[in-house]
Amino acid sequence: MRQLALITLVVPDYDEAIAYYTGRLGFTLREDTPLGPPEPTGKRWVVVAPHPDAATGLLLARAATGHQRSRIGDQTGGRVGFFLHTDDFDGDFTRLTAAGVTVVRPPRSEPYGTVAVFADLYGNLFDLIQAAQGDGRPSA
């Protein structure tokens, strides 16, 4: 094994999630492929990533059961589940807030770098991090 390729994120609707991740967060839509006939499930393989060259992407998976729907927005039990590294914290933070992204914790300086926490459309928590002179790993 050499890298983590995808992380599944359960969402209520493909198109709504694509619009949010590409429009507000500025992610790249890597793939949107129908899986089988459009009816009855309309299942699709949808992958977005924060940058075209990013090693890891998010697989946006539409919830198909009540159990899956209950996990939307809380897949990590209220903890930050996603960490976005940046080389331009101020620029990215300004762009995200201008796009209406919900800031949960404002920017602060930590030993590992500058960080702010934001929530996606569904309540999943993300760290936006510009690493200090180290590897940028916060203590979880």
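Scroll up to find the structure this text is about.
Scope of this entry: the structure provided in the associated data block. All residue numbers here refer to positions counted from 1 along the written sequence of the relevant chain. In keeping with the model being predicted, local features are shown solely for residues with a pLDDT of at least 70 and side-chain atom pairs are shown and tallied solely at 80 or more, while totals for entire chains, interfaces and linings include all residues. With hydrogens and water stripped out, all remaining heavy atoms of the structure feed into the side-chain values.

1. Concerning the nonpolar core
Next, step 1: Remark: nonpolar core denotes a set of buried residues (Ala, Val, Leu, Ile, Met, Phe, Trp, Tyr, Cys) joined through side-chain atoms within 4.5 Å. Accessible area is worked out with a 1.4 Å probe on protein chains only. A residue is then buried under 20% of its type maximum, exposed over 50%, and partly exposed in between. The biggest cluster of nonpolar side chains holds 24 residues, and the ones touching the most others in it are Tyr21, Leu25, Leu58, Leu60 and Phe118.
Next, step 2: Here a helix means four or more residues in a row that DSSP labels H or I, a strand means two or more in a row labelled E, and each is numbered from the N terminus. Elements supplying a minimum of two residues to this core: strand 1 (6-11), helix 1 (14-24), strand 3 (44-49), strand 4 (57-62), strand 5 (80-85), helix 3 (89-98), strand 7 (113-119) and strand 8 (125-131).
Next, step 3: With five residues, helix 1 is the largest single contributor of residues to this core.
Next, step 4: Here a residue-residue contact requires only that any non-hydrogen atoms of the pair lie within 4.5 Å. Every residue in contact with Tyr21, bar those within four places of it in the chain, is listed here: Leu9, Gly26, Phe27, Val48, Leu58, Leu60, Asp120 and Phe126.

2. Re the environment of Tyr122
Next, step 1: As for its placement among the helices and strands, Tyr122 is situated in the loop between strand 7 and strand 8.
Next, step 2: Of the residues examined, Tyr122 reaches a relative accessible area of 16% and is grouped as buried.
Next, step 3: With 112 residues separating them along the chain, Tyr122 and Val10 place their C-alpha atoms 9.6 Å apart.
Next, step 4: Beyond its immediate sequence surroundings of up to four residues, Tyr122 is in contact with Val11, Pro12, Asp13, Glu16, Ala17, Ile72 and Gly73.
Next, step 5: Looking at Tyr122, its side chain comes within polar contact range of the side chain of Glu16, at 3.0 Å. Polar contacts, as counted here, are pairs of nitrogen or oxygen atoms within 3.5 Å of one another; within protein the pair requires one atom able to donate a hydrogen and one able to accept it, and residues that are adjacent in sequence qualify only if both atoms are side-chain atoms.

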